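Architecture at a glance
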Amino acid sequence: MLSTPAHGQILRQLIAASALALLTACVDTPTADSAPAVAAPAPSAASVAPPAVAVPPAQPTAPLAAISFEDWRDNFRREALAAGIQPLIFDRAFAGINPDPAVVTADRSQPEFTRPVWAYLEGALAEQRVRNGQNLLKRHAALLDRLEARYGVDRQALVAVWGMESNFGQVMGNKSVIRSLATLAFEGRRPQFAHDQLLAALSILQNGDVRPERMIGSWAGAMGQTQFIPTTYLSHAVDFDGDGRRDIWDSTADALASAAHYLQASGWRRGQPWGFEVRLPQGFDYAQADMANRKSLGEWRQLGLTLPVTHVAEGEQASLLLPAGHRGPAFLVLDNFRSVLKYNNSTSYALAIGLLGERFHNRGQIVAAWPLGDTPLSRSERIELQNLLASNGFDPGSADGIIGANTRKAVRGFQQRLGWPADGYPTSELLEALRRH
């Protein structure tokens with residue numbers, strides 16, 4: 001293992017400077033008006049990405065003629081060496097590295113259409129994924145016993161994350177993390193983020209945790225069975241099998257322990273459920289459905305919600321989630337749901353993790369019907385919606401096509417003006433009403 005005296009200080013600076021909650025290659029942000037860490041790849045049967053928009057509008061980059069990749073690499077090498085990366089480590093990692101056109105294409109892609117939450121959950125909760133998870137819970141029971149004792153994170157949640165992130169270690173990406181991050185640092189939409197991740201990736205190589213040829217991941221640099229970005233790896237990856245390396249690629253013990261460590265650090269509550277489906281009363285004020293609005297279970301009961309029988313104390317705080325508006329299912333979500341949001345800031349993803357964990361035990365069936373007749377707004381329609389909200393005196397934030405907290409607040413305001421249920425959920429009917437105004 002190679003190191004320098006300044007190395008630990010540099011790593012601390014890297015970790016402090018980087019957004020550690022930006023974790024996976026399928027990150028999206030339907031719950032916040034902010035740009036995601038990376039864009040979601042096209043969904044497949046093996047790896048399902050959350051349905052909400054994941055990519056903000058591409059920003060212009062400097063003309064490539066301004067600096068060649070070779071000049072950029074030489075400048076970055078000087079910076080990396082000054083930060084404590086040894087020359088041999090850098091040169092081995094960058095041997096034969098050149099920009100990856102596929103990464104540039106993926107970074108600049110602007111998906112026009114998204115799947116509704118019910119279609120996303122149908123893929124996330126596929127029978128084969130449930131069966132595989134059930135089998136792995138049995139196969140790794142002893143390991144999961146130890147992980148629960150050490151980190152307090154429920155085994156079904158860990159296996160659900162494992163299944164969603166990499167199809168239980170089967171789909172981790174096949175791109176060189178160094179090449180992907182170098183491409184994004186050279187000509188991506190968010191070069192500073194990629195720059196910080198690339199320095200962190202070199203630090204991982206210098207620590208001896210993985211060989212350069214084995215450091216593979218998504219086009220955006222998310223790695224291993226847990227799909228950690230490099231800065232998150234540095235702060236939360238764990239050597240649980242005791243072989244001296246934090247191997248989230250080939251060690252199931254290290255991968256699951258690393259996910260458990262991250263969830264523990266994100267506030268996971270031992271033994272607490274993620275949440276549960278509830279029934280709302282007639283005449284309910286749907287404006288209460290906001291992740292920023294937290295009430296005790298007892299207070300929600302007083303508002304007329306019908307809750308299932310649980311062991312959760314009446315004083316526990318929860319928020320009301322309406323993932324498809326007032327015409328779809330309703331859920332009260334607790335602290336562990338928020339912990340999963342720190343892993344991937346998508347309410348659809350967190351809902352899938354909670355329900356998948358329950359499906360492993362033949363529970364987690366949703367009772368209420370989804371509004372299957374709804375057609376999700378396209379990206380251009382969402383941008384139009386935001387512009388029209390702004391022109392009508394509401395503030396949705398940037399017109400970026402991302403339906404986050406600010407946009408939902410603006411939608412509620414317009415819904416209240418119309419006398420409609422103020423659930424903050426944008427529909428084609430709402431867009432038509434805005435066009436008429």
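Nothing here was measured: the structure is a model prediction, and the numbers come from that model. (Residues numbered from 1 in each chain as written. Predicted model: local features only at pLDDT ≥ 70, side-chain atom pairs only at ≥ 80, totals over all residues. Heavy atoms only, no water.)

Along the protein, the regular secondary structure elements total 18 helices and six strands. Residues counted as buried form 57% of the 437 residues belonging to the protein. Residue pairs at least 24 apart in sequence account for 69% of intrachain contacts in the protein once pairs closer than 6 positions are excluded. Accessible surface computed for the protein: about 18000 Å², of which carbon and sulfur atoms make up 52%. (Helix = DSSP H or I, 4+ residues; strand = E, 2+ residues; numbered from the N terminus. Buried < 20%, exposed > 50% of the residue type's maximum accessible area, 1.4 Å probe, protein only. Contact = heavy atoms within 4.5 Å. Areas by Shrake-Rupley, 256 points an atom, 1.4 Å probe, with all protein chains shown as cover.)

Moving on, we come to the side chain of R155. The topology assignment puts R155 in helix α8 (residues 155-166). Setting aside residues up to four positions removed in sequence, R155 forms contacts with L137, A141, L144, D145 and E148.

Pairs of aromatic rings are described using the distance from one ring centre to the other and the angle between the two planes. Scanning all chains against the criterion turns up 18 aromatic pairs. Ring plane angle 80 degrees and centroid distance 6.1 Å describe the contact between F394 and F414, whose orientation is recorded as edge-to-face. Of this pair, F394 sits in the loop between α16 (379-391) and α17 (405-418) while F414 sits in helix α17, placing them 20 residues apart in sequence. The ring centre of F193 lies 4.5 Å from the NZ or CZ of R190, which sits over that ring. Just above the ring of W300 sits the side chain of K295; from NZ or CZ to the centre is 5.9 Å. (Phe/Tyr/Trp six-rings, centres within 6.5 Å; stacked < 30°, edge-to-face > 60°. Lys NZ or Arg CZ within 6 Å of the ring centre and 35° of its normal.)

Overall, the prediction assigns the protein a mean pLDDT of 88, with 85% of residues at 70 or greater. Below a pLDDT of 50 lies the segment residues 1-65, which in the model reaches 188 contacts outside its immediate sequence neighbourhood of four places, other chains included. (pLDDT = per-residue confidence, 0-100.)

The next subject is the packing of α16 against α17. Orientation of α16 relative to α17, taken along the N-to-C sense of each, is 60 degrees, at an axis distance of 10 Å. Classified by the interaxial angle, the pair formed by α16 and α17 is oblique. When you trace α16 past α17, the crossing you get is left-handed. Together, L385, Q386 and L389 of α16 and T407, A410, V411 and F414 of α17 make up the contact between the two elements. Looking at the contact of α16 with α17, its residues break down into five nonpolar, two polar and no charged. (Axes fitted to C-alpha atoms, helices over the stretch in contact; angles between N-to-C directions. Parallel < 35°, antiparallel > 145°, perpendicular 65-115°, else oblique. Left-handed = near helix turned anticlockwise from the far one by under 90°. Nonpolar A, V, L, I, M, F, W, Y, C, P; charged D, E, K, R; others polar.)

Moving on, we get to the pairing of strand β6 (residues 330-333). The alternating pattern of β6 places A330 and L332 and F331 and V333 on opposite faces, both of which are buried. Pairing geometry for strand β3 (residues 275-278) and β6, over four bridges, is antiparallel. The partner of G275 across the bridge, within β6, is V333. Pairing analysis gives three bridges linking strand β5 (residues 317-321) to β6, with the strands arranged antiparallel. Bridging from a neighbouring strand, L321 pairs with F331 of β6. (Pairing = 2+ DSSP bridges.)

Soluble globular proteins tend to bury their nonpolar side chains together. Counting 91 residues, the largest nonpolar core has F94, I178, L202 and M215 as its most contacted members. Sort the elements by how many residues they give to this core and helix α10 (residues 191-207) lands first, with eight residues. Sequence-distant contacts of L202, defined by excluding residues within four places in its chain, comprise F76, A80, I85, I89, F90, A93, F94 and I178. Among the nonpolar cores identified, the runner-up in size contains 16 residues, and A289, L297, L305 and A330 belong to it. (Core = buried A, V, L, I, M, F, W, Y, C linked by side-chain atoms within 4.5 Å.)

Along the chain, D243 turns up in the loop between α11 (230-236) and α12 (252-265). On the basis of relative accessibility, which here comes to 40%, the residue D243 falls in the partly exposed class. Between the alpha carbons of D243 and D209 there is a distance of 10.0 Å; along the sequence they are 34 residues apart.

Ordered in space as β3-β6-β5-β4, the four strands form an open sheet in which the pairing is antiparallel. The two strands at the open ends of the sheet, each matched to only one other strand, are β3 and β4 (295-296). For β4 and β5, the ladder comprises two bridges, and the chain directions are antiparallel. By the bridge assignment for β5, S296 is matched with Q317.

A word on the packing of helix α6 (residues 127-139) against α8. Remark: α6 packs on α8, axes separated minimally by 10 Å, with the N-to-C direction vectors making an angle of 130 degrees. Judged by the inter-axis angle, α6 sits oblique to α8. For the crossing formed where α6 meets α8, the hand is right-handed. On the side of α6, the interface is formed by R129, G133, L136 and L137, while α8 contributes R155, Q156, V159, W162, G163 and M164. Here the contact of α6 with α8 is composed, by residue class, of five nonpolar, three polar and two charged.

The next thing to look at is the side chain of S266. By the secondary structure assignment, S266 is in the loop between α12 and β3. Within the local environment of S266, its side chain forms a polar contact with the backbone oxygen of Y262, the two atoms lying 2.8 Å apart. Beyond its immediate stretch of four places on either side in the chain, S266 contacts S339 and K342. (Polar contact = N/O pair within 3.5 Å; in protein donor to acceptor, adjacent residues only side chain to side chain.)

As a further point, take the environment of R270. Along the chain, R270 turns up in the loop between α12 and β3. Along the chain, R270 and A149 lie 121 residues apart, while their C-alpha atoms are 9.8 Å from each other. If we ignore the near neighbours within four places in the chain, the residues touching R270 are E148, A149, Y151 and G152. Polar side-chain contacts of R270 include one of 3.0 Å to the backbone oxygen of E148.

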